[in-house]
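Residue-level listing of the chains:
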Amino acid sequence: MEKTFLMVKPDGVQRNLIGEIVSRFERKGFQLVGAKLMQIPTELAQEHYGEHKERPFFGELVDFITSGPVFAMVWQGENVIATARQMMGATNPKDAITGTIRGDFGVIVGKNIIHGSDSPESAEREIGLFFKGEGLVEYKRDVDNWIY
Ligand code: DAT
Ligand code: MG
């Protein structure tokens, strides 16, 4: 089953949105298979956002993502990578439609509440970075018979 890496960013944690965000993915029908509250070390932040290292906002991005605890998660489900991106909304909350997480809770691009992997390759890479050697929790849910 497809897996993705999702993370409530420091602004989402400070604004008490962990429960709201987890609830949206739970109600959708996706399955949580890994989660932890953590403070991201600078080196991990730089690695995670490595694709943006030449961008002018890279320094601010790393400072922001390391500015407080994040809630890192792995979710599983059919087409979960693309569907989670839709549920998150556009990168800039001003462009994110109402009903999406960024559309409902964010205002500026630098504080956009949530991260989500954008492809199968980035999902595998990011799960490996954040849950290295930890093992995810595989478990059966009876409700899957009513989702699939
Ligand atoms: P996404 O988080 O939707 O995958 P991204 O990978 O292009 O977006 O950028 C990563 C993060 O960097 C994004 O969530 C917020 C920040 N960011 C992107 N573009 C920015 C910009 N023009 N100015 C400031 N921060 C930006
Ligand atoms: Mg991205």
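Notes on the structure in this doc start here. Please read all numbers here as calculations on a predicted model, not as lab measurements.

1. Considerations on the environment of Gln 46
Line of reasoning, step 1. Tracing the backbone through its elements, the reader meets Gln 46 in helix α3 (residues 42-48).
Line of reasoning, step 2. Take Gln 46: its relative accessible area is 39%, and that puts it in the partly exposed class.
Line of reasoning, step 3. Between the C-alpha atoms of Gln 46 and Ile 65, which are 19 residues apart in sequence, the distance is 9.7 Å.
Line of reasoning, step 4. Once residues within four sequence positions are removed from consideration, Gln 46 is found in contact with Phe 58 and Val 62.

2. Let's talk about the site of ligand 1
Line of reasoning, step 1. The local shell around ligand 1 consists of Lys 9, Tyr 49, His 52, Phe 57, Leu 61, Arg 85, Thr 91, Arg 102, Val 109 and Asn 112.
Line of reasoning, step 2. The contact in question runs from an oxygen atom of ligand 1 to an N or O atom on the side chain of His 52, over 2.9 Å.
Line of reasoning, step 3. For ligand 1, an oxygen atom lies 2.5 Å from a polar atom in the side chain of Thr 91.
Line of reasoning, step 4. Surface burial for ligand 1 is 76%, taken as the share of its 520 Å² of free accessible area covered by protein chains.

The rules we used
- Residues numbered from 1 in each chain as written.
- Chains lettered and ligands numbered in written order.
- Predicted model: local features only at pLDDT ≥ 70, side-chain atom pairs only at ≥ 80, totals over all residues.
- Heavy atoms only, no water.
- Helix = DSSP H or I, 4+ residues; strand = E, 2+ residues; numbered from the N terminus.
- Buried < 20%, exposed > 50% of the residue type's maximum accessible area, 1.4 Å probe, protein only.
- Contact = heavy atoms within 4.5 Å.
- Near = heavy atom within 4 Å.
- Polar contact = N/O pair within 3.5 Å; in protein donor to acceptor, adjacent residues only side chain to side chain.
- Areas by Shrake-Rupley, 256 points an atom, 1.4 Å probe, with all protein chains shown as cover.

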